[in-house]
Amino acid sequence: MKFKILTLFPEIIEGFFSSSIMAKAVERGLIEYEILNIRDYALDKHKKCDDYPFGGGAGMVLKAEPLALALDSIKAKDKTVIFPTPSGVKYTQQLAEQFSKESEIVLVCGRYEGIDQRVIDEYVDHEVSIGDYVISSGEISSLVVIDSIYRLCDGVITKESLEEESFQGKYLEYPHYTRPAEFRGLKVPDVLLSGNHRVIEEWRCKKRYEKTLNNRPDLLKD
Ligand code: SAM
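About the criteria used
- Residues numbered from 1 in each chain as written.
- Predicted model: local features only at pLDDT ≥ 70, side-chain atom pairs only at ≥ 80, totals over all residues.
- Helix = DSSP H or I, 4+ residues; strand = E, 2+ residues; numbered from the N terminus.
- Rg over C-alpha atoms; globule rule 2.2 N^0.38 Å.
- Buried ≥ 20, exposed ≤ 12 C-beta atoms within 10 Å, placed from the backbone.
- Contact = placed C-beta atoms within 7 Å.
- Near = placed C-beta within 6 Å.
- Nonpolar A, V, L, I, M, F, W, Y, C, P; charged D, E, K, R; others polar.

Engineer: Just checking my understanding: could you explain the overall build of the protein chain for this structure?
Structural biologist: The helix and strand inventory of the protein chain stands at nine helices and nine strands. In terms of overall size, the protein chain is more extended than a compact globule, its C-alpha atoms giving a radius of gyration of 21 Å where 222 residues would be expected to give roughly 17 Å. Each principal axis of the C-alpha atoms in the protein chain carries an extent, and together these give about 70 × 40 × 35 Å. Out of the 222 residues belonging to the protein chain, those deemed buried represent 26%. Nonlocal contacts in the protein chain, meaning residues at least 24 apart in sequence, comprise 74% of its contacts between residues at least 6 apart.

Take a look at the structure:
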């Protein structure tokens, strides 16, 4: 899987690709990435990438030209281009699974009020929202999208780790405990120390159901 990311703040993206499990996936050749600094594609001498919105109103908008030139330089019209934005469709595990089957994904990181609509019209295949709230940086939402996709790619993490995760089926995940068996007087449930795998499995099923009912009853609607 190759990720190409257009951003005004490459250092935010670079930090993620050079840390933890992602760094190992890159080292092992499972994931490739290229960061394009949008400013490098600005044509004027001040390298200006934003401007005032037509029609008035607060804030600035990322200009079409530097974005379009950056997208052209990687032939983005032949690739899957994602623009994370609060006005996109709700981003879900299902979409992450769909995107993880692609060989290459381009992400456009918005800033300020967003990007010129003509870039969306011409290049973007998917506008996705990471939740019903507004953050200030498209780098963060692009990293959320990247993180949810790359961990599903073959060989990045074990299949067993993915199997019982939240959103794999209709239930959320059960609670986890690790050593010590007692922490500040709080004990790990006896069943987890029993060594009886059938009983442990039953307990986990019950906890998954309880957790889903309490935190996300909407998932149980059907
Ligand atoms: N004016 C925009 C609106 O009201 O829809 C919000 C722009 S936001 C301040 C700046 C950038 O952060 C967006 O262009 C987008 O890239 C990113 N962003 C903010 N909230 C997001 C969300 N919920 N999902 C995905 N991206 C988001």
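Engineer: Help me out: how do you make sense of the site of the ligand in this one?
Structural biologist: Near the ligand you find 19 residues, and of these Pro84, Pro86, Gly110, Gly138 and Ser141 are the closest. At the level of secondary structure, the elements contributing two or more residues to the shell around the ligand comprise strand S5 (80–90) and helix H6 (138–150). Along the lines of polarity and charge, the residues of the shell around the ligand split into seven nonpolar, 10 polar and two charged.

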